[in-house]
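Next come the chains, spelled out residue by residue.
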Amino acid sequence: MMPDYYLKDFVDRNALEALQLQRMQETLQRLYENVAFYRQAFDQAGLKPSDLRCLADLSKFPFTRKADLRDHYPYGMLAVPMHDIVRVHASSGTTGKPTVVCYTKRDLEIWAESVSRVFSMGGVSSKDIVMISYGYGLFTGGLGAHYGAEALGCSVIPMGGGSTEKQLMLIKDFGVNVLCCTPSFFIHIMEEAEKKGFDIRQTNLRVGFFGAEPWTEEMRQRIQTQSGITARDIFGLSEIIGPGVSADCPCCAGLHIFEDHYYPEIIDPDSGEVKEPGQEGELVFTTISKVGMPLLRYRTGDISSLCYDKCECGRTLVRMEKVRRRSDDMLIIRGVNLYPSQIESVLLSVKGTEPHYQLLVRRDRAMDELEVQVEVTAAVFSDEVKALESLRNEIQNKIKQIIGLSAKVTLVEPGQIERSTGKAKRVLDLRK
Amino acid sequence: MKVRQLSIFLENRVGRLAGVAQLLGEAGISIRALSVADTNDFGILRLLVDDIVKAEEHLRRNNVVCRINNVTVVAVDNRPGGLAKVLTVLNQAAVNIEYMYAVAESSNQRPLLVFRFTEGEAAVAALKKADIKIINEEQLFA
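Residues numbered from 1 in each chain as written. Chains lettered and ligands numbered in written order. Predicted model: local features only at pLDDT ≥ 70, side-chain atom pairs only at ≥ 80, totals over all residues. Heavy atoms only, no water.

Bringing the overall build of chain A into the picture now. Assigned secondary structure in chain A consists of eleven helices and 21 strands. Its C-alpha radius of gyration of 22 Å places chain A within 12% of the 22 Å reference for a compact globule of 432 residues. C-alpha atoms of chain A, sized along the principal axes, occupy 70 × 60 × 40 Å. Expressed as a percentage of the 432 residues in chain A, the buried residues total 57%. Considering only intrachain contacts with a sequence separation of at least 6, the fraction spanning at least 24 residues in chain A is 66%. (Helix = DSSP H or I, 4+ residues; strand = E, 2+ residues; numbered from the N terminus. Rg over C-alpha atoms; globule rule 2.2 N^0.38 Å. Buried < 20%, exposed > 50% of the residue type's maximum accessible area, 1.4 Å probe, protein only. Contact = heavy atoms within 4.5 Å.)

Put into structure tokens, the structure is as follows:
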């Protein structure tokens, strides 16, 4: 028998919209009553929760930005007392302070439900052996996928990232059918397999759920051709819930959003105006069933579009176009969010260095690689190689410590980093 | 007794060394000795030049990162064991050599060693005590 949440993906749209409106109204009420930030924002805009009479009224309400979460670090956005929170996750932040997200017991259930719906869409059932190769810990990837697979009744292997050789061994020996990791890590796994003469086609691996970083249709083709498995995109962000906000169905024609929990809008990133279905713009989410830390019109920075046409798979849930770029300068590298300004603060914290830098992101066959080019100034220049090398290592270590990314730091001569008029060109994203 | 040396930061990129040489040529600077320390990513060019102040100024004006520092230049006997003798003295005095390079004296082709020491004063004292000849700037550019 199909689990009942499976049917949620096929719900009648009128019924869905009625549910969305009811949940949205309840959420606004709770935000107004329990979160000072939202009460002030509503009062300033002269709005009451009761001003939301239909779904379209949402456009009158204020946005939430990543900076708002940072300003209310760590627990300022909670809509419940701390003792109702059972889990805290965090993602890397712009100033060394992480962005914190908190979950009640109910929120974890919603999250597990969302991820298990992702798995169901990919044909996964309780009979499958699922290996989670996302990082565990503060990052939402590992535990998010883990609880979703458990909720579906799968046999879950909490492998975590790294150790490619062991990944291959477990895929083979444990009879893994389903793998969850970042797409770039899977490509790395494929390459290791090829080097070792390990044929993924000879294993039980059938489908991979790849997320936490943007990837292209071309990459899907490459993975599927080279490994023989089915590659599905799973989208999410910790602020909204974590992985499991939306995912590919068998048609792979846009990711179905679980809009009974996460209400999407597409806006013009400059004017904030809501765009028509099909038009491209910034993706904005309102969580309508979350309890601990609901967010209103959260600006993801991801550029996408929405399609309400019925999908060939029969699901009525809206589809979002695969995210390929962002409206701001945030980079996602190996699942880690990175703003150039973070690198700037690291450089400023190293004595004598100036924040003249450029970030080069490459996808070197498998993994995303970050190179930070730092200009050497007369103040830090030393006649001795080891002094310059220790400067470079210090910057490298600080980036690793504060941002959690291994980057290659290169010292360059001043003036080599192109200064475009007014604003320096900080990022060269050479990934394809 | 110190000799001033010009150290220049070079990115490991085609044409950088040529670029710096071009700048020095423009400024009418004569290069007496040269050494390059290189790593995978960058290099340090070390020069003894006739007009170091002018050279530094001209390079800085052209966005080249450089600085002036002091090195010790020592005359070595031009025969087998000449280098060993100097190094033995330094070794016995327990001074660390950061780096060194060699150049021939222009007048009589006698070898000169350019040293950068961690503890410069102790090194100079030990060399003097062993009667090893230390060369000053005037002698170097004579």
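Residue and element names in this part refer to chain B. Domain annotation for chain B reports domain 1 (3-69) and domain 2 (71-140). A straight line from the C-alpha centre of domain 1 to that of domain 2 covers 23 Å. Facing the eleven residues of domain 1 at the interface are 14 residues of domain 2. A buried area of about 1,100 Å², summed over both sides, lies between domain 1 and domain 2, and 53% of it is on carbon and sulfur atoms. (Domains from an automatic or database assignment. Buried area = accessible area lost by both parts, 1.4 Å probe.)

Time to look at the sheet that holds strand E10 (residues 262-267) of chain A. Residue and element names in this part refer to chain A. Read across the sheet, four strands follow the order E10-E11-E12-E15 without closing on themselves; strand pairing throughout is antiparallel. Here the strands that pair on one side only, and so sit at the sheet edges, are E10 and strand E15 (325-326). In this structure, strand E12 (residues 298-304) lies alongside E15, joined through two bridges in antiparallel fashion. When the bridges of E15 are listed, Ile-303 appears paired with Arg-325. (Pairing = 2+ DSSP bridges.)

Quick look at the nonpolar core now. Residues and elements named next belong to chain A. In terms of nonpolar packing, the biggest core is built from 72 residues, with Phe-119 and Phe-285 touching the most fellow members. Here this core gets seven residues from one element, more than from any other, and that element is helix H5 (residues 105-121). Among the nonpolar cores identified, the runner-up in size contains 32 residues, and Ile-343, Val-350, Leu-359 and Val-372 belong to it. (Core = buried A, V, L, I, M, F, W, Y, C linked by side-chain atoms within 4.5 Å.)

Okay, the interface of chain A and chain B next. Counting residues at the interface gives 20 residues for chain A, matched by 23 residues for chain B. For the pair chain A and chain B, the summed buried area comes to about 1,800 Å², and 55% of that belongs to carbon and sulfur atoms. Per-residue buried area on chain A facing chain B is highest for Phe-381, Asp-383 and Glu-413 of chain A; these three make up 41% of the total on that side. One can count seven salt bridges joining chain A with chain B. Its salt-bridge partner being Glu-384 of chain A, residue Arg-116 of chain B comes within 3.6 Å of it at the nearest N-O pair. The tally of links between chain A and chain B comes to ten residue pairs in polar contact (both at pLDDT 80 or more). If you list the elements that add at least two residues to the side of chain A that touches chain B, you get helix H11 (385-403) and strand E20 (407-412) of chain A. (Salt bridge = Lys/Arg side-chain N within 4 Å of Asp/Glu carboxyl O. Polar contact = N/O pair within 3.5 Å; in protein donor to acceptor, adjacent residues only side chain to side chain.)

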